[in-house]
Amino acid sequence: MAHTLYFTRHGETFWNVENKICGATDIALTPRGHEQARALGAELARQGLAVDRILCSPLSRAHDTARHIAAATGWPLQVEPRLREQNFGRFEGTPRDGLAFKAAKGHFVERFGGGESMLQVAARVYSLLDELAARGDTCLLVAHNGIARVVHSYFCELTNEEYAAFGIHNCELRTYRFP
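The sections below set out a description of the structure shown in this document. (Residues numbered from 1 in each chain as written. Predicted model: local features only at pLDDT ≥ 70, side-chain atom pairs only at ≥ 80, totals over all residues. Heavy atoms only, no water.)

1. Regarding the overall build of the chain
Reasoning step 1: The helix and strand inventory of the chain stands at seven helices and five strands.
Reasoning step 2: Starting at the N terminus, the α and β elements of the chain follow one another as β-α-α-β-α-β-α-α-β-α-α-β.
Reasoning step 3: Expressed along its principal axes, the backbone C-alpha trace of the chain runs to roughly 45 × 40 × 25 Å.
Reasoning step 4: Here the chain holds 179 residues, and the buried ones make up 51% of them.
Reasoning step 5: Counted over contacts in the chain with a minimum sequence separation of 6, partners at least 24 positions apart contribute 71%.
Reasoning step 6: Of the accessible surface of the chain, which amounts to about 8200 Å², a share of 54% is contributed by carbon and sulfur atoms.
Reasoning step 7: In the chain, 20 side chains carry a positive charge and 20 a negative one; their mean positions are 2 Å apart. (Helix = DSSP H or I, 4+ residues; strand = E, 2+ residues; numbered from the N terminus. Buried < 20%, exposed > 50% of the residue type's maximum accessible area, 1.4 Å probe, protein only. Contact = heavy atoms within 4.5 Å. Areas by Shrake-Rupley, 256 points an atom, 1.4 Å probe, with all protein chains shown as cover. Lys, Arg positive; Asp, Glu negative; His and termini not counted. Charge placed at Lys NZ, Arg CZ, Asp CG, Glu CD.)

Below, the structure is given as structure tokens:
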């Protein structure tokens, strides 16, 4: 039986404002990021979506976003370690639009000097998605842009270039359907 998966990226962080790669570094939400999360929670409550639970990354920016959504909707919240953002190694804290980082995003087995490869991230996120597909419940995942890329690739056929270029805005809501 087909069921729905919702996905959102955390609210704005201080490093988002500074155009830096957050990755596995635990960077806090800005006041605007908290407001974005509260607004998304209010909108989801207004829509009356039927969500069984929220699963979120353990990093504070996603966890705080999920807590705001849970407070507005009443949906139960669970931390899911497989949703933590990719560790971008030497690129953590560097400009998001840096040429070296853009080129490296196309190298799916590279660990970026002590980080985590895109294949490793996909393995852990795909395992979670496979479990959710089998369970049949409707979840909201609250995570990160790198995780959004992996989730999108699970549901949509993409070229390597499309995968590397994919991203979503802070607190943007995406809807996917399991077959």
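2. Points about unusual backbone geometry
Peptide bonds are, in most cases, trans, and in most cases residues other than glycine have a negative phi.
Reasoning step 1: Although it is not a glycine, Asn 19 adopts a positive phi angle of roughly 60°.
Reasoning step 2: Along the chain, Asn 19 falls in the loop between helix H1 (14–17) and helix H2 (31–47).
Reasoning step 3: Residue Asn 19 is classed as partly exposed on the basis of its relative accessible area, which comes to 29%.

3. Some thoughts on the pairing of strand S1 (residues 3–9)
Reasoning step 1: Within S1, seven of the seven residues are buried, leaving the element largely enclosed by the surrounding structure.
Reasoning step 2: Side-chain alternation along S1 places His 3, Leu 5, Phe 7 and Arg 9 on one buried face and Thr 4, Tyr 6 and Thr 8 on a second face that is also buried.
Reasoning step 3: Note that S1 and strand S5 (residues 173–178) share six bridges and pair antiparallel. Bridging from a neighbouring strand, Thr 4 pairs with Arg 177 of S5. (Pairing = 2+ DSSP bridges.)

4. Considerations on the nonpolar core
Reasoning step 1: Residues Leu 5, Phe 7, Leu 132, Leu 141, Ile 147 and Val 151 are the most contacted members of the largest nonpolar core, which totals 30 residues.
Reasoning step 2: Counting residues per element, the ones that place at least two in this core are S1, helix H4 (99–104), helix H5 (118–135), strand S4 (139–143), helix H6 (145–155) and S5.
Reasoning step 3: No other element matches H5, which puts seven residues into this core.
Reasoning step 4: Setting aside chain neighbours within four positions, we find Ile 147 in contact with Phe 7, Leu 83, Arg 84, Glu 85, Val 121, Arg 124 and Val 125.
Reasoning step 5: Ala 37, Val 51, Cys 56 and Val 142 belong to the second-largest nonpolar core, a separate cluster that totals 16 residues. (Core = buried A, V, L, I, M, F, W, Y, C linked by side-chain atoms within 4.5 Å.)

5. Quick word on the sheet that holds S1
Within a sheet, adjacent strands bond to each other through the backbone by hydrogen bonds, running parallel or antiparallel.
Reasoning step 1: Overall, mixed pairing links the five strands, which are arranged S3-S2-S4-S1-S5 in an open sheet. At either margin of the open sheet sits one strand with a lone partner, and together these are strand S3 (77–79) and S5. Across the sheet, the mean angle from the axis of one strand to that of its neighbour is 25°, orientation sign disregarded.
Reasoning step 2: Bridge analysis of strand S2 (residues 53–56) against S3 gives three bridges, and the strand direction is parallel. Along S3, the bridge assignment pairs Cys 56 with Val 79. (Axes fitted to C-alpha atoms, helices over the stretch in contact; angles between N-to-C directions.)

6. Considering the side chain of Asp 137
Reasoning step 1: Among the structural elements, Asp 137 can be located in the loop between H5 and S4.
Reasoning step 2: Residue Asp 137 is classed as buried on the basis of its relative accessible area, which comes to 12%.
Reasoning step 3: Among the polar contacts listed, one links the side chain of Asp 137 to the side chain of Arg 53, at a separation of 3.0 Å.
Reasoning step 4: Separated by 3.3 Å, the side chains of Asp 137 and Arg 135 make a polar contact.
Reasoning step 5: Those residues within four positions of Asp 137 in sequence are excluded, and the remaining contacts are His 3, Thr 4, Asp 52, Arg 53 and Leu 132. (Polar contact = N/O pair within 3.5 Å; in protein donor to acceptor, adjacent residues only side chain to side chain.)

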